[in-house]
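# Examination of the molecular architecture
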Amino acid sequence: MSDIISTGPSRRQLLAGTAAFATLPAWAQYALAQQAYRFKQGEFDITVVSDGYLTLPADIIMPTANAQERAELLKRLGGAADSAPMRTNIPVIRVGSDLIVVDTGSGDKFQATAGNLVENLKAAGIDPAAVTKVVFTHAHPDHSGGTLGKDGKLAFPNAAYYVGAAEWQFWTNPDYRTAMPEPLHEFARGAQRDLFAVKDRVTLVKPGDEIVSGMRVLDTAGHTPGHISLELAGGSGMIITADAATNHLISFEHPDWRFGFDMQSDLAIANRKKLVDRAASERLRLLGYHWTYPGVGFAERSGSGFRFVAEA
Ligand SMILES: [Zn+2]
């Protein structure tokens, strides 16, 4: 794993992001509690429930952009001088007798503006105890930090859990202190807390496996070593990208730019380009975790790159 770079967020960077939140325009600070966009994808009935939002430094969102690109993109993202808000859109999927949640959000383990999933599920009339399956796209804190509630109990007590085998293997390494660079240690501790909490009810999945009929695991490693997306049948198809494409502007217009939290940059870029290109060619519906709520839409070719066209 020598290609794992050490640009994970330092505590200083995260705090800088949180402090910058106070300088965001009021519209960016609004509560997302009442939003619940719902649509059908083949047999799947999908509601996008917000976990809130995060504020990330521009150095993480677009580390290689030049000054002009950075200023322009921050403006389009509704950001401040050196940071921008990133949403957290969680797909909640009804199919057959299953109720499936993809990622558990941040819980109280990351930034205070996120961690609203359980509350927002209830506001949307969805009982967390009725969730039958939880799929982790990866074990970063904004995706698995909501696994345990403030009371230390599982937020989804009756669910079976699914995580990529490579993701499990990477984060649960007992020797992480020597195997990983120091900036990743806090992430590893968090991932181990969340993954070990479900170890008696977890199924390790590999690319190509189905979670339920018509919901297939897609290999999009690079953001993390075992990052997965989900491909859903129906219509011309759909991909729940998670962090294979972290931004509705940058991941499409500049898919070859590095994202600061991508742990294996070259692999992340290759898989992102492949995904966006395929989505445009096959007119796949996309659902992105950090894109402007609800983060559902399509990729289109635009000039030498692509652009994201939201459907709502
Ligand atoms: Zn994320």
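A short tour of the structure in this document, coming up. (Residues numbered from 1 in each chain as written. Predicted model: local features only at pLDDT ≥ 70, side-chain atom pairs only at ≥ 80, totals over all residues. Heavy atoms only, no water.)

Our next topic: the coordination of the zinc ion. The protein atoms that coordinate the zinc ion are Asp142 (OD), His143 (NE2), Asp243 (OD) and His290 (NE2), at distances spanning 2.1 to 2.3 Å. Around the zinc ion sit four donor atoms; with metal-centred angles ranging over 85 to 163°, the donor geometry is irregular. In primary sequence terms, the donor set of the zinc ion follows D-H-x99-D-x46-H. Separated by 100 residues along the polypeptide, His143 in helix α5 (residues 141–144) and Asp243 in the loop between β11 (238–240) and α9 (250–253) bring together distant segments of the chain. (Donors = N, O, S within 2.8 Å, 3.2 Å for Na, K, Ca; no water. Tetrahedral: all angles 85-135°; square planar, octahedral: opposite > 155°, others 65-115°. Helix = DSSP H or I, 4+ residues; strand = E, 2+ residues; numbered from the N terminus.)

Okay, the sheet that holds strand β14 (residues 305–310) next. In spatial order, the strands read β8-β9-β10-β11-β12-β13-β14; together these seven strands make up an open sheet with mixed pairing. Only two strands of the sheet have a single partner each, and these edge strands are β8 (210–212) and β14. Geometrically, the sheet is characterised by an average inter-axis angle of 35° between neighbouring strands, direction not taken into account. Where β11 meets strand β12 (residues 285–287), three bridges bridge the pair, whose relative direction is parallel. Counted as the bridge partner of Met238 is Arg285 from β12. (Pairing = 2+ DSSP bridges. Axes fitted to C-alpha atoms, helices over the stretch in contact; angles between N-to-C directions.)

Attention now goes to helix α10 (residues 265–282). In a regular helix each residue adds 1.5 Å, so 18 residues correspond to 26 Å; α10 covers 25 Å between its end C-alpha atoms and thus fits that length. When α10 is considered as a whole, its buried residues turn out to be Ser265, Ala268, Ile269, Asn271, Arg272, Leu275, Val276, Ala279 and Ala280. (Expected span 1.5 Å × (residues − 1). Buried < 20%, exposed > 50% of the residue type's maximum accessible area, 1.4 Å probe, protein only.)

Here we come to the pairing of strand β3 (residues 83–95). In terms of burial, β3 is largely enclosed, as 12 of its 13 residues are buried. Adjacent in sequence and paired antiparallel, β3 and strand β4 (residues 98–102) are bridged by two residues, among which Gly96 carries a positive phi angle near 55°.

Let us now look at the nonpolar core. By size, the foremost hydrophobic cluster in this structure holds 32 residues, and its most contacted members are Phe156, Tyr161 and Trp171. Listing elements by their share of this core, those giving two or more residues are β3, β4, α4 (117–123), β5 (133–136), β6 (160–164), α6 (165–171) and α8 (185–196). It is α8 that contributes the most residues to this core, four residues altogether. Not counting chain neighbours up to four residues away, the residues in contact with Phe156 comprise Val101, Thr104, Leu117, Val118, Leu121, Pro128, Val131, Val134, Tyr161 and Arg201. With 23 residues, the next largest nonpolar core counts Ile100, Tyr162, Met215 and Leu230 among its residues. (Core = buried A, V, L, I, M, F, W, Y, C linked by side-chain atoms within 4.5 Å. Contact = heavy atoms within 4.5 Å.)

The next subject is the side chain of Gln41. With respect to the helices and strands, the residue Gln41 is situated in strand β1 (residues 36–41). Excluding anything up to four places from it in sequence, Gln41 contacts Ile46, Leu232, Ala233, Gly234, Gly235, Gly237, Met238 and Arg285.

What follows concerns the sheet that holds β3. Strand order in the open sheet formed by seven strands is β1-β2-β3-β4-β5-β6-β7, and the pairing between neighbours is mixed. Because the sheet does not close on itself, it has two edges, and the strands there are β1 and β7 (202–205). Between one strand axis and the next, the sheet turns by 25° as a mean value, whatever way the strands run. Note: β6 against β7, four bridges, orientation parallel. Each bridged residue has a counterpart across the sheet, and for Tyr161 the counterpart in β7 is Val202.

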